Structure formats: C-alpha cells, structure tokens
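Coordinate inspection notes
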2 protein chains.
Amino acid sequence: MLRTHTCGELRIPDIDKTVKLSGWVQRSRDMGGMTFIDLRDRYGITQLVFNMETHSELCKQARKLGREYVIQVEGIVAERSNKNSKMPTGDIEITAEKIVVLNQSKLPPFTIEDDTDGGEELRMKYRYLDLRRNPLRKAMELRHKMAITTRNYLDKQGFFDIETPYLIKSTPEGARDFIVPSRMSSNQFYALPQSPQTFKQLLMVAGYDRYYQIVKCFRDEDLRADRQPEFTQIDCEMAFVEQDDILDMFEGLTRHLFKEVKGVDVDQFPRMEYSDAMKYYGSDKPDIRFDMRFVELNDLAQNKGFAIFDQAELVVGINAVGLADYSRKQLDQLTDFVRKPQIGAKGLVYIKYDADGSFKSSVDKFYNTEDLQTIANRFEAKPGDLILILSGETDKVRKQLGNLRLEMGNRLELRNPNIFAPLWVVDFPLLEWDEENSRFHAMHHPFTSPKQEDIALLESDPAKVRANAYDLVINGVEIGGGSIRIHNRELQKLMFKHLGFTDEEAQAQFGFLMDAFEYGAPPHGGVAFGFDRITSLFGGSDSIRDYIAFPKNNSGRDVMIDTPSQVSQVQLDELMLNIVKFKK
Amino acid sequence: MLRTHTCGELRIPDIDKTVKLSGWVQRSRDMGGMTFIDLRDRYGITQLVFNMETHSELCKQARKLGREYVIQVEGIVAERSNKNSKMPTGDIEITAEKIVVLNQSKLPPFTIEDDTDGGEELRMKYRYLDLRRNPLRKAMELRHKMAITTRNYLDKQGFFDIETPYLIKSTPEGARDFIVPSRMSSNQFYALPQSPQTFKQLLMVAGYDRYYQIVKCFRDEDLRADRQPEFTQIDCEMAFVEQDDILDMFEGLTRHLFKEVKGVDVDQFPRMEYSDAMKYYGSDKPDIRFDMRFVELNDLAQNKGFAIFDQAELVVGINAVGLADYSRKQLDQLTDFVRKPQIGAKGLVYIKYDADGSFKSSVDKFYNTEDLQTIANRFEAKPGDLILILSGETDKVRKQLGNLRLEMGNRLELRNPNIFAPLWVVDFPLLEWDEENSRFHAMHHPFTSPKQEDIALLESDPAKVRANAYDLVINGVEIGGGSIRIHNRELQKLMFKHLGFTDEEAQAQFGFLMDAFEYGAPPHGGVAFGFDRITSLFGGSDSIRDYIAFPKNNSGRDVMIDTPSQVSQVQLDELMLNIVKFKK
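Rules used throughout
Residues numbered from 1 in each chain as written. Chains lettered and ligands numbered in written order. Predicted model: local features only at pLDDT ≥ 70, side-chain atom pairs only at ≥ 80, totals over all residues. Heavy atoms only, no water. Helix = DSSP H or I, 4+ residues; strand = E, 2+ residues; numbered from the N terminus. Buried < 20%, exposed > 50% of the residue type's maximum accessible area, 1.4 Å probe, protein only. Contact = heavy atoms within 4.5 Å. Areas by Shrake-Rupley, 256 points an atom, 1.4 Å probe, with all protein chains shown as cover. Lys, Arg positive; Asp, Glu negative; His and termini not counted. Charge placed at Lys NZ, Arg CZ, Asp CG, Glu CD. Phe/Tyr/Trp six-rings, centres within 6.5 Å; stacked < 30°, edge-to-face > 60°. Lys NZ or Arg CZ within 6 Å of the ring centre and 35° of its normal. pLDDT = per-residue confidence, 0-100. Pairing = 2+ DSSP bridges. Expected span 1.5 Å × (residues − 1). Axes fitted to C-alpha atoms, helices over the stretch in contact; angles between N-to-C directions. Least-squares fit on C-alpha atoms with pLDDT ≥ 70 in both. Buried area = accessible area lost by both parts, 1.4 Å probe. Salt bridge = Lys/Arg side-chain N within 4 Å of Asp/Glu carboxyl O. Polar contact = N/O pair within 3.5 Å; in protein donor to acceptor, adjacent residues only side chain to side chain. Nonpolar A, V, L, I, M, F, W, Y, C, P; charged D, E, K, R; others polar.

Observations regarding the overall build of chain A
- Within chain A one finds 17 helices and 23 strands.
- For chain A, the spread of C-alpha atoms along the three principal axes comes to 90 × 75 × 60 Å.
- Here chain A holds 584 residues, and 59% of them are scored as buried.
- Considering only intrachain contacts with a sequence separation of at least 6, the fraction spanning at least 24 residues in chain A is 65%.
- Total accessible area on chain A stands at roughly 24400 Å², and carbon and sulfur atoms take up 46% of it.
- Between the averaged position of the 77 positive side-chain charges in chain A and that of its 90 negative side-chain charges there is a distance of 5 Å.

Structure, rendered in structure tokens:
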C-alpha cells in the first residue's frame, strides 16, 4: 500500500508515529518559515507541515506542488499548537520528512470545493473532478450505504437476489423501449428492460417466493429535468401474500433504512385511499408533513349569486394558517401563481379572517359576514387565517389547489427536508383514460389485479374499477409503487382485452407469461422503489442527478465520454442496418 | 400471509400446532383409507395426510389435485408413525382439515424432479418450471449467497458499491459491442459495456479509492457452449496500491467465500509466473489439484537418431503415475486424443516403466535401456509409471501436452470437484501477436501497465514486455483477472501507439480517460471475477448456464420469451433506421 493511514484517521493517540499518507493537494499556504498543505483523500483532510529551517529542500519541493497534485508523504504525527475543532483530524498534523509526487495535475477547470465555481455543463464534462467534491462524495457514500442496508435487510427476510436479463423483448405497452439490434438473428432486436416485471412474476411462478434485485431499468422518454434514460430500482416480489403483507414488509424496509442510514425513528406509515388523496390533497402523492386539507364548499358557496362558483362542479379551498396579513401584492402573487399555464386556474378567491375577527374577501358582495363565518367555521379557521378558494371542474380544480397547497406549505416553511412523512396511498384506479388515443391504459401496468369486488364493473364502468395497487409516498415524492398481480390466465386475458389488445396480440407479446399462469402460478405481488429517488430524498435533495455517479444530461447525452456517438459502417453492416438521413 | 409456516420448517416441537401451509403438489399417493400429498415450496417438502374415514369430502377433494397444483392447506402437525430421516421435516406430517386450491396446473411438459425427463430446449422454453427443480433452486440460492457474502466482505473493507452506466460508447478495441440506437441524437448510438473498465478507472481519478460492483457486461461474440452474451462480473478497483496489495485483498475475498459459503478452509494461494505456467503446465490456467509437471527432454532425447525428436524445437513429457499397465488399446486412445483436430499433435511417444523395472517404449529402437532409465530418472518415475512425450514447436507442443495432462488427470481421478486449488498466475505478457491482423493486441486490455523494467523493450522486442497483470485460476478455470493500470497520459499514449492507434484515434475513443490522467490520477489497479463462473465452480459444475436464472441459448436467443424478435416499423422510423434484407 502506498499509505499506512488514510487522511481521515489520525488523532492525538497517534502522535509520534511515523506514517505514510497518499492523497491530493487540497490547498497550500506559505507562512514565512513554514509551508502547510492540506492533503485530501476520500476519508478526510490532514495537514502537512514543511519546515524551511530544518528541511529546506523538502520545503522548496512542497512549494512547487499545485492543487490536485497526487503525492505520497512520509512524516511524523505531531500535536498541533493551533487546533482546528472543525476537522476530525484537526488536533494533529504531519511533520513531513519526505514527499513523492505520484502524479501531477493541470489546474482544474473549477474549484474542488463544497461550493464550486463550475457551471453544470463543465462539471458534467469533468465529472471525475466534480465527484471529488464533498457533496458528491457524500452522495455516493449514502447511495452505497442505502444499497448494502437494503440488501442485508431483504437477505435476512429470506429474499433471494436473482438477476434478470437485460437483453429482453420489445413490447409496445408502456413507455418507449431502447432496442438492441441482434447480429446473430438478422433483422431482429432485443430490448432493454423498462423493469424486470414479467421476469420477477415468472420467478414467483418458479417458486422463489421472495425475490429482490437492485437493478438498472431503461426508458427512452423525452427527458424532464429529473428523469434519466437509465435509472435504478429496488425491485421486489413476494408470493403467497396479500396486499397488507407487502405494505408491512416494505414499510419495514423503509423504516429500517431511516433508522440505519439517517438515525431517524419514523412512526407507522398512514394508509390513505387514492380517492381521499385526491379529495383532500388534490394529488396521488400528498405531502403530509403538513395538514392544510381541502375543504369542499359547494353547499355553502353556491346559490349566493356568485356565478363563477354557481357554475363550478366543485368549490374547494384551503386554510393558510396565520396569513391573514397578506398584502394585496402577496395575494396578487398567489393569483398569478395559480394562473400559470402549468397550473391553469382562472382565478383565486380569498377570505381574510382578520385578527380582529372581521372578514375581508375578494367576493364580499356575494357573501355577508354570516356566510363568511360559516365558511370559516368549516375550515376551523381562527382569526389571523387566510382562506384560499378555487373552483371549476372537479379533477382539474383539485390538482390546481394541490399545487397551491404545496406553494403555501413552502411559504409557511412546513416542508422541512429533514422531516420525513411517509404514506401509503392505496386503492388506485385500475385504468386511466387516455384522451389522445381514446382508450384505457393500465394506470400501474397490465399485470395489476383489479379488486375482486370491482371485477364486474370492468364491463359497465371501467374507470371505476379499483386495483390492488399502492404507492409509497414520502414528503410528496413518489418513492415507489406496486400491486398484487393477476395470476390467472383468464383474468389476464380479460385485462388485455380491456386495454385494446386482440387475443393474438396479447399472446404474441405476453404469451410466455399467460402460459406460465397455467402451470401453477401462486398468488403474488410486489413493489419497485426508485433507488435514485429514495437516495436523493434521504440526502435531502430533490435532484437525483447528484446521486448518480455518471448521469446523462437532459438530452440523454454523457458529455464526459461524449456518447451517443457514430459507429462504423462495418458495425452497421454486420447488423444489416442502414441509417436514414433526413431529407432537407 | 397465505401461510403460517413454510414447507421446510416444521419439526417435532411443533406437534399439535394448527398451521397453514401453501405450496405445490409434488406428488400424491392413495393408500386405502389415506391420501398422502407431498407439498413443496422453496424451503422444503412437508407431507400432508387426508383421512378418508374422518374427512371423506376433504380426502376426495385431495385426490383430485394434480401435480404442480398450488394449494393452501390448514391442519394440525402430527408425529409420523413412519419417519423419514432423509427429509428435514420427515418426523412430522400435517393432518389436513381444509384445503383451498390457489391455482390449478396443466400437466408439466417434464417432471419436476432432481433428474428430470425434459431435454435442454424444452427446459429452456419452460424455464420457470425448470427453476422449480432442486438443482436449479440450489444454484440460485448459492448465487444469492455468493453475492451477499461478497458485498459484505467488500463493504467491510471500505469498498463503495458505485453503479456505472450501461449506455456508454462503442470502441472498436476488444470484443464486439452491442449497440443501442439513440432516438434523441439521430444516427448516433450508445454501446452496452463489455466491462466498466474506463469508468472504474475514472472513479479512482475521482478519489473513490476502493470501488466494487456486481455488474452485467455484454459481448456480441459468436457463442461457445459456455459463453453468454450478457454475463456478470464482480468488478473491483483500488487506488494507492501495488500488485501484491490487490492479490492479497482478493485472495482474502476468495478465501472468505470458500469459508462462508462452502465451509472450506483454503491455504494461501500460490503465485506462479505466466512463463512457468506455460513451461510446466502448458496453460495460463493450470489445474494444480494434481502435479504431473512437464519435464523437458531435448538434451536427453535428441541426437539419438529419432528424426521427429531431432527436428523438434521442444521434446517434453509427463509422468502418468501407475499407468504402466495401460494396454495397447488404451495407448492408442491416447494417441487418438492428442491427434484430435482441437489438440493437433501428430503423434505420441510413450515409455512404460514396468513394475518389474523393465522399459517398453514406442521408440525402443532409438533408445537403449540406459537412455530410457535416464529419462525416467528425470521424471522421478518409479516402476509402474507411464511416461508420455510430445514434440514439436514449443508453444504448440506445450498446449498439446497441457491438454493431455488434463486428460490424464481425469483418467487418474485427480480432478475432484470438491477439492479447490486456487492459484495466482502473474507476470503475463503485455501484448500478444494477432496473426490474422498482423498486429499486436493487448493481452489483458490497453490500460494495463507494463512492468517498469520492461518498458524499454516496447520498441525493441514488444512480445517480451511483461505486464503487471494477473489471473486467479481455480482448478484450471480462469475465475478472473486484473492488472495495475497505466495512470499517466504519456505512457497510455505510447501503449495506444504500439496497439496501432493513431494519436487522433486514441484521442477520439479514449480522450476522456487520457484527459483525466492529467488531473491528478493516482496509481491504481483492480480485478474482475466472472461471477457466473465462480458460482458454478462453487456449485461443482462446469456449466454456467444452470447458475443463471434466465440464460440465452447458443444462438443468443431466449427461447422462453422468444427474443430477439422483430420490432415495428414505427420504432425503426423513430430511430431513423432501415433494415437491410439479404439479396438472394
């Protein structure tokens, strides 16, 4: 080893030891007769001292070292006269006796500091330098710890880590596949998995009963800020279970992660029906770190002469506690907020319940004080509170108010990233209507089982059918989801029929799974957690990119290695492919 | 849960408990008034008893259950009158009170038994049924245990599990890439990684210092029996190390696996130079479970009038201890063996050192008894031994004799799969001559560092340059290998030059890595173990396929899901690709 210790481990009891350290020059300072160098590695920083009087050649050599040079130093551990209590190694320093330059460094294009001066693109191009910075190093360490903690928990629960294939089959259901041309079978293709869904179900058919994998998945989607073409899932499946068994198991895992990785005890997770989540929070992933539940007002607000409310399918509001002193300008900002195209409300009605008990409202002329008091009472509002009301089509207005609720949560500082409020949302609809293609899609995926008592509705009112499907939501972020699966050929066939597959199409694409269901498939279900996302949530960040060692940019490009890129004609010829150029 | 216990856990102390089990009907037997069913799950088999006298309806129901039906049974644990000591649950049975058929099963296309009647293709098509068989279940369990044991060992040693990307860049060096067309960047492609080599080196540049990953790798090669287009590596890299540090670390891992997974203590691994491995075993992966080292005979065998030996570059043999009584027919079989095209020897010379001390040889007329005795002495042969000698070009004859040595090892039953003889082979050549393309290839890969003292030979005698490269060999199987890497731009450039890259080509393909070397790259090195292979070796098998849940066949095809397959024209159009059809 080119070191006896790391740069993070020496302490007072090590004084007088002769040690060898290796690492990077973080910074150096010349102070008259002395030169100080902060030597950095993954484990910390240790101060090196070079004395001009006693070791002048060595000191001169040290003064030539640039930032990010890699050096090996031999020396003696000494107590610092000027201790630094902020550094774990701050009580000691190394009196250097010898240095070896292991490698030089050009001046980095940005500073290797917690707050760097480098822009995002530059840091992506030099990702190997960005990864040297503390925040990213901590992110990688957190991710490692999340992974090994997850694995050991599931191992102890009897789960087998079983690898499923990456070269699988393209199926048009779901998102767009990345495909991989086959050379051995000309004109045929593999696809990269969007998830190991069918394989993990086959493992249940095969009797493995508790399966997990931390696995890469691939989706060729147009990328939003926080999406990656390749992402990682904690993918799990269990047989001989009912929904509650799965919720209990993975609530256990999540609580264990909070405890082991964050040192945080989290209460039992509440469970909320999808319909209540929409009704009270306007979202299928409510942030329940704060309450501010929706209050419906149709009976109180309609038939008072205010045409906008009278024409609305739903009048619904929230109580922003203590904000009655919002100014005209602040209220206008809120109106502008709900009118943004991505929110889409037409306007915002407010009722200020002033500290003196009086009411001011943007709809004063339609509602007398008694009306306003009745409304305020329904919100359990107190003097000093601000009631905000939207109206319109039920589904739309709920989503709009859900956005406003989050905005008010931010303004009231109710969304502390160090507080964790997990929640199971259950009883999702089985199907969702796809306006564009005028057909139903599986809300979760086509293998999700409908609730037994709702199966009859499949024919009469498909949108009403509830699924045995659930999501884990933490702080308003969807961490993962899953379902109890169909394990019966006939029901699976029926499901495909309702999704618009002919029997032939269903058999061609998923015949292997439906065939498997005929050979003793046990009842089973599972979940998949977004590993990038749960890690970034644990890290207190809402960007997954910092928690991925080598992420792609928003164009799906790795700017460091410069890919995707062209391949040779020889490669294309072997695959029997031609590139189509755009016609100008 | 649809069970209170698994089918593997009930014992005498559980007697009189009311339990619920779920599983598959392994077999059923009607014995007059009783019906017995063996119920199977991942954990074992438990006998169920149905009594026609006391529960006639239930018993009739049980008699209708077919093989592989999935049932749930409620009943009471009872002591067996007729205990079966071969089964862990053989002391008890369940007196059934109630059964629920969870799913029916068609008659499986082959028997779900340790020795099945199904052929390989049929079992591949119904892999989910084949995976129910004990040998495969044990293989999956072994693989899981190997993985979690590896992870915990490396975690304790300070390694971070860091995921590297799967959508990377195609480079023509090495094997053929699978490529993935990009939709967002038309006419450009990703490639699937043949290994995370460059990324793990960049992680060392980034200061992570101890990295590992159990990771899928991809090679689009024509498949031999024991190759898969996607395979799994234990991939590791360390910084601030020298070769011995890496050998010690991963010898530690391997010994830990032997101890934890197999309960076997293995001695320290010997280390053998590549040149010695070739000289004494004719292979860079010698099976050292048995000795039978090569003995060179040029000085003794040449110039005695036997033209074949006189013209040979090398005359070399082995001593097959105790086989002097081989018959003419057996000797002819050996001659046929070495003459097989895949071995390629022209003939075989034998010397029988008979039990009575006399010699018989196929070349009696050229060598007198004294000559033969001298040769036998060099082999340290004893009466009763059989000496086998080949001759020819040095490299070829060594490989031929290496094959014959393994054959004799088999015949002498010296290759017990339950004995493990690991070995480090070190000091591999840096380059190997590629006859077909008249150029040198990197024997390991282009990032392997030459030995410092051999660098001067790069210009004068490239084939003589030794690398800081090493392989772990167990029982003659290459488990993995690695090297100390180049960490300096100039040396990497020189290496690419010797591999026939222009500076421009090197920069275009590996510029990101060479650039990284200029920003403080530490000395580093690593290894990669073939995870499929080490697992199958631990399982006592030489076929990796049984240790992969969903393998491809020799045409790279998954016959269960039927892929690769055609994709839609819409998909190809989005990717701006055209298929080229063969012209007849």
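From this point on, the discussion continues.
What to know about the packing of aromatic side chains
- For the structure shown, the criterion picks out 51 aromatic pairs over all chains.
- Aromatic pair Phe-159 of chain A and Phe-250 of chain A: ring centres 5.9 Å apart, planes at 70°, arrangement edge-to-face. Placement of the pair is Phe-159 of chain A in the loop between helix H4 (134-156) and strand S6 (160-161) and Phe-250 of chain A in helix H6 (residues 243-262), with a sequence separation of 91 residues.
- Relative accessible area serves as the criterion here: at 1%, Phe-250 of chain A is assigned to the buried category.
- Here the aromatic cluster, defined as three or more aromatic residues joined through ring pairs, consists of Tyr-166 and Phe-218 of chain A together with Tyr-166 and Phe-218 of chain B.
- When the ring centre of Phe-290 of chain A is taken as reference, the NZ or CZ atom of Arg-405 of chain A above it lies at 4.0 Å.

Examining the confidence of the model for chain A
- When pLDDT is averaged along chain A, the result is 95, and 99% of the positions lie at 70 or above.
- On the interface metric, ipTM, the complex scores 0.95, and its pTM is 0.96.

A few points about the sheet that holds strand S15 (residues 359-361) of chain A
Residues and elements named next belong to chain A.
- Taken in spatial order, the five strands make up an open sheet running S12-S13-S16-S14-S15, and their pairing is antiparallel. This sheet does not close on itself; its edge strands, each paired only once, are strand S12 (295-296) and S15.
- Across three bridges, the pairing between strand S14 (residues 349-353) and S15 is antiparallel. If you follow Ile-351 over to S15, its bridge partner there is Ser-361.

Remarks on helix H12 (residues 394-411) of chain A
All names here are of chain A.
- For H12, with 18 residues, the first-to-last C-alpha span of 25 Å sits near the 26 Å given by 1.5 Å per residue.
- Taken residue by residue, H12 has Thr-394, Val-397, Arg-398, Gln-400, Leu-401, Gly-402, Leu-404, Arg-405, Glu-407, Met-408 and Gly-409 as its buried positions.
- The inward-facing, buried residues of H12 abut helix H7 (274-281), S12, strand S13 (314-320), helix H10 (328-339) and strand S16 (385-392).
- Two residues or fewer past H12, Glu-413 is found with a positive phi of approximately 55°.

A short note on the sheet that holds strand S4 (residues 70-79) of chain B
All names here are of chain B.
- What the five strands build is a closed barrel, ordered S1-S2-S3-S5-S4; its pairing is mixed. Going across the sheet, the axis of each strand differs from the next one's by a mean of 55°, ignoring polarity.
- Bridging between strand S1 (residues 18-31) and S4 involves seven bridges; their strand directions are antiparallel. Opposite Leu-21, over in S4, you have Val-73 as the bridge partner.
- Helix H1 (residues 56-63) contacts S1, strand S2 (34-41), strand S3 (44-51) and strand S5 (92-103) of the sheet and is inclined by roughly 65° relative to S5.

Overview of the relation of the copies chain A and chain B
- Laying chain A over chain B is done by rotating through 180° and shifting 0.0 Å along the axis; what remains is an RMSD of 0.1 Å. What the rotation and shift describe, once combined, is the action of a two-fold rotation axis.
- A shared binding surface is used by both copies, with 100% of the interface residues of chain A retained as interface residues in chain B.

Examining the interface of chain A and chain B
- Taken residue by residue, the interface counts 125 residues in chain A and 125 residues in chain B.
- In total, about 11500 Å² of surface goes out of reach between chain A and chain B, with carbon and sulfur atoms giving 59% of it.
- Contact with chain B buries surface across chain A, with Arg-42, Phe-240 and Tyr-519 of chain A losing the most and accounting together for 8% of the total.
- The interface formed by chain A and chain B includes 13 salt bridges.
- For Arg-3 of chain A, the salt bridge goes to Asp-209 of chain B, with nearest N and O atoms at 3.1 Å.
- Joining chain A to chain B, the criterion identifies 74 residue pairs in polar contact (both at pLDDT 80 or more).
- By residue number, the principal contributor to the side of chain A that touches chain B is H4 of chain A, which donates 11 residues.
- Partitioning the side of chain A that touches chain B into residue classes produces 66 nonpolar, 26 polar and 33 charged.

Let's talk about the pattern of salt bridges
Residue and element names in this part refer to chain A.
- Summed over all chains, the structure comprises 99 salt bridges over all chains.
- Residue Arg-398 is joined to Glu-296 by a salt bridge in which the shortest nitrogen-to-oxygen separation is 3.1 Å. On the criterion of sequence distance, the pair formed by Arg-398 in helix H12 and Glu-296 in strand S12 is long-range, its members being 102 residues apart.
- The partner of Asp-332 in a salt bridge is Arg-328, with the nearest N and O atoms 3.2 Å apart. Linking Asp-332 with Arg-328, this pair stays in helix H10, spanning four residues, or about one helical turn.
- Accessibility expressed as a relative area gives 33% for Asp-332, which makes it partly exposed.
- The network of salt bridges with common partners includes Arg-27, Arg-29, Asp-38 and Glu-113.

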